[in-house]
Amino acid sequence: MSKNIKYWKGVEELNQTPDFKAAETKEFAEYLPVEDFVGDKDLMEGSKTNRRDFLKYLGFGVTAASLAACETPVQKVIPHVVKTDKTNPGVANYYATTYNDGNDYAEIIVKTREGRPIKIEGNKQSPFSLGAVNARINSSVLSLYDGQRLKAPMIGGKKVSWSKFDKEVEAKLAAALSNGGKVRILTNSINSPSTTRLVESFKNKFTSADVQHINYDAISFSGALSANEEAFGNRALPSYKLNKARSVVSIGADFLNTFPNSVGLARQYAQGRNPEKGWMSKHFQFESSMSLTGSNADVRVPIRPSEHAALLLAIYNHVASATGGTKVSSSSSAYEEKVKQAAQHLIANKGRSILFVGSNDRNMQLMAIAINQALGNYGKTIDKDSTIHLKKGDDNQLKSMVAELNSGSVDVLMIDGVNPAYSLPAELKFSEAMSKAKVSVVFANRANESTALASHVAASNHYLESWNDHQPQSGIYSLTQPTITPLFDTRQMQDCLLKWMGEDKSYYDFIKETWMTTSGMTAGPLFEDFWNTSLQKGVYEAKKDNNGAEQAQANTIDPVAVSRSMGKQASGEWEIEFYQKTGIGDGNQSHNPWLQELPDPISKITWDNYIAMNPTDARELGFATEYGEQKDANTIHITINGQKFENVPVVAQPGQARKSLSVAVGYGQSIGKDNEIIGFNVFPAMALKGGEVAQYSAEVSFEDADGAYQIATTQTHQTIMGRDSVVRETSFSTYQTGDKDAFNPAHTIATHEGPLNVNKVDLWAEHPVASAGHHWGMTIDLNSCIGCGACVTSCNSENNVPVVGKDEVRRSREMHWIRIDRYFSSNPTDVEERNYTAMETPEDNPQVVHQPMMCQHCNHAPCETVCPVAATTHSNEGINQMTYNRCIGTRYCANNCPYKVRRFNWFSYQNYDKFAALNPSQDDLGRMVLNPDVTVRARGVMEKCSLCMQRIQEGKLTAKKEGRPVVDTDIETACASACPTNAITFGDYNNKASKVLERSKSDRAYRVIEEVGTQANVYYHVKVRNTESTSV
Amino acid sequence: MQQEAAIREPLILGEKTYGQITDDVLKPVVGKANRSWWIAFGIAAIMALWGIGCILYLLGTGVGTWGLNKTVGWAWDITNFVWWVGIGHAGTLISAVLLLFRQKWRMAINRSAEAMTIFAVMMAAVWPGIHMGRIWLAYFVFPLPNTFGSLWVNFNSPLLWDVFAISTYFSVSLVFWYIGLIPDFATIRDKVTQTVPKKVYSLLSFGWTGNAKAWNRFEEISLVLAGLATPLVFSVHSIVSMDFATSVIPGWHTTIFPPYFVSGAVFSGFAMVQTLLIIMRKVMNLENYITIKHIEYMNIVIIVTGSIVGVAYLTELFISWYSGVEYEAYAFLNRATGPYWWSYWAMMTCNVISPQVFWFKKLRTNIIFTFFMSIIVNIGMWFERFVIIVTSLHRDYLPSSWTMFHPTYIDIGCFIGTIGIFFVLFLLFARFFPVLPLNELKTILRSSGEQYKKNTEDATQH
């Protein structure tokens, strides 16, 4: 039974009120303004949103909102939609190219990973630089990723597009050229056949105008070039065969560091220094400041800069009297005995000796040529026909160009590859002169002193983004090819010139045209084949290169006339010499933190230049002779050639000639995100003397500034303290006796069975690596090592070693995995008497040892036993390995390491603010330089040399894929590959054919502090000096 | 009950009654803290907070905020660690070894000495923790089962032995100390009237009833724990010394380190006990319990252990010359004459030369002088560890790496911080815990009916 119950919605319904009745008829109880909206015809017609659109928007909105709530994927990864050919993730590509910045030159191989260049090594196929590089060259990859690079062209300081820039420059050029204006192109020494041709065609294009190209070297070789021109009619430097020279005498020449092709020379030098071939060269060095070259000399005589000339004449007279030449008048010298010794050695080795002169004085260089001619060295150790084209600058030409600028007659000034506003002597007043040019176009990588004065700044490519070709030496050609597309909106000078000439081709095509001419080929598959081969190889050696102009004729040099025009060298109470540091060179890479943190090979100071002074002089004047860590250097106000430098540090440098000073050029430029200025720029204090920029000045005075200056050095203790199991050295005569006990005695230990070799007495079980599998190790020849530091920067680059900056270096916390220990000799009597306090002070003119030091990979490693968590262990291939993930950072291992090679991550170098300005890993761009095969270490873990484990693995894999045993050439550590003198050999002791095994069995091989029983896997070779008796 | 010759001077002076002992010891616990306590606590708390701030900054930024470098990887951190561990030794020695030898005079000092041990070991444990580069992975040092396969700790490493030695030592000391406290907590429980403290102390006293069976068990467990703790006194510092002795660093690689470190630890521990108790007996009016006799006994321990340490120093010097090892010889020559000569001579003066004045009875019974000497010895022992750690490391085998160590404000702050935390803990202990084992003390009280009568007469006269 159903009930008929009625439910009401309310009393209104029950009562059926009029309002209710009215409302019941409507669909919606309340008024909805639909009609107001939809009924408005204008509004409806004005709107394009219909209902369907509304639903679409709604759906889209909801989806978008929900998508936004999800975490977005990593944004910085840009996938290869179409994978580029030969670019495989995890597989490196190598490109042959050439480094040439006007100061350094080398044919190189660039390693790229996923399209990024990350490592630079020497091109072993090079007949010129011989596969050697130096620190400046292998660090240059970091300059590519410098966040301070110019990112677009600029007019009047404002960024513009290239099209606007081109338009404006073309207009200015046209205006200048149409009415016969003057165009001056100032570049670093151009050795590129294509650039030379390009400049020529630029000139030919605008015949109505006065276009002139000037080569400029920041470090002038003008004197030597003029001398060679006078002697042989060819304005070019000769090439050397240093490996054939048995007698090397250098007067102020730092040929291992600053000469054109110093890397090639270093390799040849080391060949001549190997005593195992029965002879070794004897090297005399007369110089003022201790140079890298001087630190390697057998006989080093510190002389004041003004004495170089007189000494040269004295040597000439000795040689002349022995060879029947005309003698010249010369004043007697205080170094008569050493001079005689050097001259006699030269004479005894006629035809296999070399005399180098470092001076930029034309007459002194002529004298050097005369001596080398008298010794018959031309054609034997010196090749005047196969000339080197790396230095072409002419100081006189430059001077007249500045005069033209000053007169206001130059319409367009173009500058590429040099920074004259920074590096020219102040007396030329270049900055003022430059502002008088109507238009100045500066091609540059970074904002610098010259771009600040330029009306137009053309942001230029890094060399790793550029095309170019080179002819470093007669008959040798090489190519520069880009290894990455330009990172910024930049363009190289040559492409700009082509564009402004109205040519519709790229510089790349232009180079190919040049090479067609050079090779005598025509376009076609044959040429393409030749081109690709050359590009792949990086170098091309022409079969014959006998165009008549290069065949030099020897003119007779009149020594008397030359000696007379040498005149009296300016001397003063104090004299100051300008030199180049191994890391910074002429300063064109002074913004590179790897190079700033590379310790100077002699002073071990980083991040600064300073006035160097003999320690005795410093003591007499009351200056601190010890500095570094918390000990500050004193400061002085110094005036050089009228240029005043205030509050500059003065440093006591053993080996500096008495009453002489020296200072490094290349500093005073900014670095890092904070644009911090490092050191001070002394280029302006250099003066033109007799037409050439003089490398020293006698017009120097200074006063004590009573200030303190913080110096950051990686080594605060200078001497070896008589510890001959750390560094072993001997004389060549002792070595020649062949008696190993005389120069490399084994360590013995007294036992009940009588004295036993220290390696025979051991608490530990022998490590199993000796007989099975691989047993990696290394040998380092102290005779070959010249201390240049190329290995250090190479290691930084390969192993992502952080840059820590000056303050942390002062706290002795540099992170370098390999360092070069430099020891000065102490007074032999003190060593004999074990007078320890006195032994701490180096001699005033010490002998120097450079000892590369890195993890010795001990078979009985003290670090391994003490780690509580077994984070450092021995691999079954003989390597002491660090497991970063496991490390808790007790630093016990570092304390217990007798070699002190372990480095601790005191901070997070990737995140901590203190390192934000300088450490590449704190910058999106800088991070691109990191080697993806090597972990970037976290805060609080220990790290150290891994013997380039990643390279070992790669080499093993290569061999495995090819189904053969690993051979020596498969694996080379970063330090070994960078070493310009091949001092470092890496390999497998278990491979009977390996070079490292052979080298470790040499009579000269020893292990550092072997008596501690660490059984290191790194052997060193006793340093042999070509002296008569053992010193120490 | 203790039987002693009547002619012997009693261990507790002032002719105390049992009730007076209870009142004297519990006065600070049941009463209000005095001004000097608050001042001392305030200073200690500020030091502690500053130190904690420095430690937090250190943990947040990195070990680089200390002055360590590539050559000197340990300096103040491990110096402080060894110093604090050494200080800790006296407590265990007093309570365990002297208990086994039935030296009753220990009762006046053992409670505070043990408290000092506990707090010192806690402070010591701070250092190995915060000196780690990655403290958040500190659990790696424990041999825990893990999912990494055969990943295990390195049993060859003395640092790992340290972990075991210190943690064992700490736990045994803590248990020993706590067991001793139980009857005294019960006494407080019975004394206090406020509800909350009564609850707390009754919890702490574990329901102690004080019946004969309980006392019997108490005595037995004390003996057992003393037997356990005694070898630990020797093992802990021997193992700490092996951190150095097993290394290859000249100046560390020394076989005499274990006995030399243990005697040094006892030496410094007693000095710290003197420092604390001389103040405490004065502030808390405990002169009748901690008497000149106690101070003299401890001074005798100081002179004996100080002389052992002195012999060890001279032995080291002799062996470094006699061994003919160049590096060893230089390490010791460098200690005495190198750039850190001042720390070596500070150590020699404070540890070897100055304690010899205690041969004079007049001086070893002089409270002011003893206090002064206890500070000197504490300084000297800190320098001993500094000399061993820093001057050995800063110039080892390769002269190219020789450096100096320069402490930063954070080094200093962290050190002062641990001193602050230590004193905060000790002051809290003095305020809320019975500083003397009052129930045990009653066993050595020599009392008689005459004395009781005399006492009551004195009381009625006043």
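Residues numbered from 1 in each chain as written. Chains lettered and ligands numbered in written order. Predicted model: local features only at pLDDT ≥ 70, side-chain atom pairs only at ≥ 80, totals over all residues.

Peer 1: Explain the overall build of chain B to me, please; I cannot follow it from the model alone.
Peer 2: Secondary structure assignment for chain B yields 16 helices and zero strands. Considered along the principal axes of its C-alpha atoms, chain B spans approximately 80 × 55 × 40 Å. When each of the 462 residues of chain B is scored for burial, the buried share is 50%. Put simply, of all contacts in chain B between residues at least 6 apart along the chain, 84% involve residues at least 24 apart. (Helix = DSSP H or I, 4+ residues; strand = E, 2+ residues; numbered from the N terminus. Buried ≥ 20, exposed ≤ 12 C-beta atoms within 10 Å, placed from the backbone. Contact = placed C-beta atoms within 7 Å.)

Peer 1: I keep staring at the overall build of chain A and nothing clicks. Help me out?
Peer 2: When helices and strands are counted, chain A shows 35 helices and 46 strands. Along the longest, intermediate and shortest principal axes, the C-alpha atoms of chain A span 145 × 95 × 70 Å. Across the 1032 residues in chain A, those meeting the buried criterion constitute 56%. In chain A, of all internal contacts separated by at least 6 residues, the share reaching a separation of at least 24 is 74%.

Peer 1: What is the right way to read helix H8 (residues 257-283) of chain B from this model?
Peer 2: Residues separated by three or four positions in an α-helix point in the same direction, a consequence of the helix having 3.6 residues per turn. Residues and elements named next belong to chain B. The first and last C-alpha atoms of H8 sit 39 Å apart over 27 residues, in line with the 39 Å expected at 1.5 Å per residue. For H8, the tally of buried residues reaches 21 of 27 residues, placing the bulk of the element in the interior. Count one or two residues on from H8 and you reach asparagine 285, which has phi positive near 55°. (Expected span 1.5 Å × (residues − 1).)

Peer 1: Explain the nonpolar core to me, please; I cannot follow it from the model alone.
Peer 2: Looking at soluble globular proteins, one finds that nonpolar side chains tend to be buried together. All names here are of chain A. Within the largest apolar cluster, 409 residues are counted, with the highest numbers of intra-cluster contacts made by Leu312 and Ile611. If we skip the residues at most four places from it in the chain, leucine 312 touches Ile251, Val357, Met364, Met367 and Ala368. Judged by nonpolar contacts, the second largest core, of five residues, contains Phe128, Ile476, Tyr477 and Val539. (Core = buried A, V, L, I, M, F, W, Y, C linked by C-beta atoms within 7 Å.)

Peer 1: How should I be thinking about the interface of chain B and chain A in this particular structure?
Peer 2: Counting residues at the interface gives 42 residues for chain B, matched by 48 residues for chain A. Elements with a minimum of two residues in the side of chain B that touches chain A: helix H5 (158-191) and helix H10 (326-337) of chain B. A per-element tally of the side of chain B that touches chain A places H10(B) first, with four residues. Looking at side-chain class alone, the side of chain B that touches chain A contains 22 nonpolar, 16 polar and four charged residues. (Nonpolar A, V, L, I, M, F, W, Y, C, P; charged D, E, K, R; others polar.)

Peer 1: What's the story with the packing of helix H9 (residues 193-205) of chain A against helix H20 (residues 507-519) of chain A in this structure? I'm lost.
Peer 2: When two helices pack together, you describe them by how their axes are tilted relative to each other and by the distance separating the axes. Residue and element names in this part refer to chain A. Closest axis-to-axis distance for the H9/H20 pair is 9 Å, and the angle between their directions is 105°. Taken together, the axes of H9 and H20 lie roughly perpendicular to each other. Where H9 approaches H20, its residues Pro193, Ser194, Arg197 and Leu198 are matched on the opposing element by Phe510, Ile511, Thr514 and Thr518. A class-by-class count of the residues in the contact of H9 with H20 yields four nonpolar, three polar and one charged. (Axes fitted to C-alpha atoms, helices over the stretch in contact; angles between N-to-C directions. Parallel < 35°, antiparallel > 145°, perpendicular 65-115°, else oblique.)

Peer 1: Looking at this model, I keep getting lost on the sheet that holds strand E9 (residues 247-251) of chain A. Mind explaining?
Peer 2: Sheet strands associate in pairs through backbone hydrogen bonding, adopting either a parallel or an antiparallel arrangement. Residues and elements named next belong to chain A. Taken together, the four strands give an open sheet; going across it, the order is E11-E10-E9-E12, and neighbouring strands pair in parallel fashion. For this open sheet the edge positions go to strand E11 (299-302) and strand E12 (353-357), each flanked by a neighbour on one side alone. If you compare each strand with its neighbour and ignore which way they point, the axes differ by 10° on average. Where E9 meets strand E10 (residues 282-287), five bridges bridge the pair, whose relative direction is parallel. (Pairing = 2+ DSSP bridges.)

Peer 1: How should H10(B) be read in this particular structure?
Peer 2: Compared with the 16 Å implied by 1.5 Å per residue over twelve residues, the 16 Å span of H10(B) between its first and last C-alpha is a close match. If you check which residues of H10(B) are buried, you get B:Tyr327, B:Tyr330, B:Ala331, B:Phe332, B:Asn334 and B:Arg335. Close packing links the buried residues of H10(B) with helix H30 (836-839) of chain A together with helix H9 (292-322), helix H11 (341-353) and helix H13 (367-393) of chain B.

Peer 1: Looking at this model, I keep getting lost on the sheet that holds strand E31 (residues 700-709) of chain A. Mind explaining?
Peer 2: Residues and elements named next belong to chain A. The strand order E30-E20-E25-E22-E24-E23-E31 describes an open sheet built from seven strands, whose pairing is mixed. Every other strand in the sheet has two partners, leaving strand E30 (696-697) and E31 as the edge strands with one partner each. The pairing of strand E22 (residues 611-613) with strand E25 (residues 660-664) spans three bridges and is classified as antiparallel. Across the sheet, isoleucine 611 pairs through a bridge with valine 663, a residue of E25.

Peer 1: How should the pairing of E10(A) be read in this particular structure?
Peer 2: All names here are of chain A. Burial analysis of E10 places six of its six residues in the buried class, which makes it a mostly covered element. Burial of the side chains of E10 extends over both faces: Lys282, Phe284 and Phe286 are buried on one face and His283, Gln285 and Glu287 on the other. Note that the unit made of E9, helix H11 (residues 262-272) and E10 has a crossover that is right-handed. (Right-handed = clockwise from strand over helix to strand, strands pointing away.)

Peer 1: What is the right way to read the confidence of the model for chain B from this model?
Peer 2: Low-confidence regions, as indicated by low pLDDT, have predicted coordinates that should not be scrutinised in detail. In the predicted model, chain B carries a mean pLDDT of 87, and 95% of its residues have values of at least 70. The complex model carries a pTM of 0.87, and its ipTM stands at 0.91. (pLDDT = per-residue confidence, 0-100.)

Peer 1: Can you walk me through the domain arrangement of chain A in this structure?
Peer 2: As a measure of interface size, the accessible area lost when the parts come together is often cited. Residues and elements named next belong to chain A. You can read the domains of chain A as domain 1 (1-72), domain 2 (154-217 + 393-479 + 489-523), domain 3 (222-386), domain 4 (570-713) and domain 5 (729-1025). A straight line from the C-alpha centre of domain 3 to that of domain 4 covers 27 Å. Partitioning the side of domain 3 that touches domain 4 into residue classes produces five nonpolar, twelve polar and four charged. (Domains from an automatic or database assignment.)

Peer 1: Got a minute to help me understand unusual backbone geometry in this structure?
Peer 2: Glycine aside, negative phi is the norm for most residues, and most peptide bonds take the trans geometry. Residues and elements named next belong to chain A. For glutamine 16, which is not glycine, the phi dihedral falls at a positive 50°. Looking at the element boundaries, glutamine 16 is found in the loop between helix H1 (11-15) and helix H2 (18-24). We note that lysine 604 has phi near 65°; this positive angle belongs to a residue other than glycine. Among the secondary structure elements, lysine 604 is positioned in the loop between helix H23 (593-597) and strand E21 (605-606). On the neighbour-count criterion, lysine 604 (20 C-beta atoms within 10 Å) is buried.

Peer 1: Explain the pairing of strand E1 (residues 92-100) of chain A here, please?
Peer 2: In the case of a regular strand, side chains alternate between the two sheet surfaces. Residue and element names in this part refer to chain A. Sheet topology places E1 next to strand E2 (residues 105-113); nine bridges connect them, and they run antiparallel. Each bridged residue has a counterpart across the sheet, and for asparagine 100 the counterpart in E2 is tyrosine 105. Connecting the antiparallel pair E1 and E2 is a turn made up of four residues, with glycine 102 showing a positive phi of about 90°.

Peer 1: It is not clear to me how the environment of A:Asp361 should be interpreted in this structure. Could you clarify?
Peer 2: All names here are of chain A. One can find aspartate 361 in the loop between E12 and helix H14 (362-374). Aspartate 361 gets classed as buried once you count the C-beta atoms within 10 Å, which come to 28. Residues aspartate 361 and isoleucine 347 lie 14 residues apart in sequence; the distance between their C-alpha atoms is 24 Å. Excluding residues that lie within four positions of it along the chain, aspartate 361 makes contacts with Gly223, Gly690 and Glu692.

Peer 1: I would appreciate a short explanation of the environment of A:Ala561 in the present structure.
Peer 2: All names here are of chain A. Examined against the element boundaries, alanine 561 turns out to sit in helix H22 (residues 559-566). Judged by local crowding, alanine 561 falls into the exposed class, with 12 C-beta atoms found within 10 Å. Separated by 237 residues in the primary sequence, alanine 561 and glutamate 798 place their C-alpha atoms 54 Å from one another.

Peer 1: What should I look at first to understand the packing of H9(B) against H10(B) in this one?
Peer 2: Residues and elements named next belong to chain B. Interaxial distance between H9 and H10 falls to 7 Å at its minimum, and their mutual angle equals 140°. Here H9 is positioned oblique relative to H10, judged by the angle of their axes. Between H9 and H10 lies a crossing whose hand is left-handed. Along its contact with H9, which presents Glu316, Leu317, Ser320 and Trp321, the element H10 presents Glu328, Ala329, Ala331 and Phe332. When the residues that make up the contact of H9 with H10 are grouped by side-chain class, the tally is five nonpolar, one polar and two charged. (Left-handed = near helix turned anticlockwise from the far one by under 90°.)

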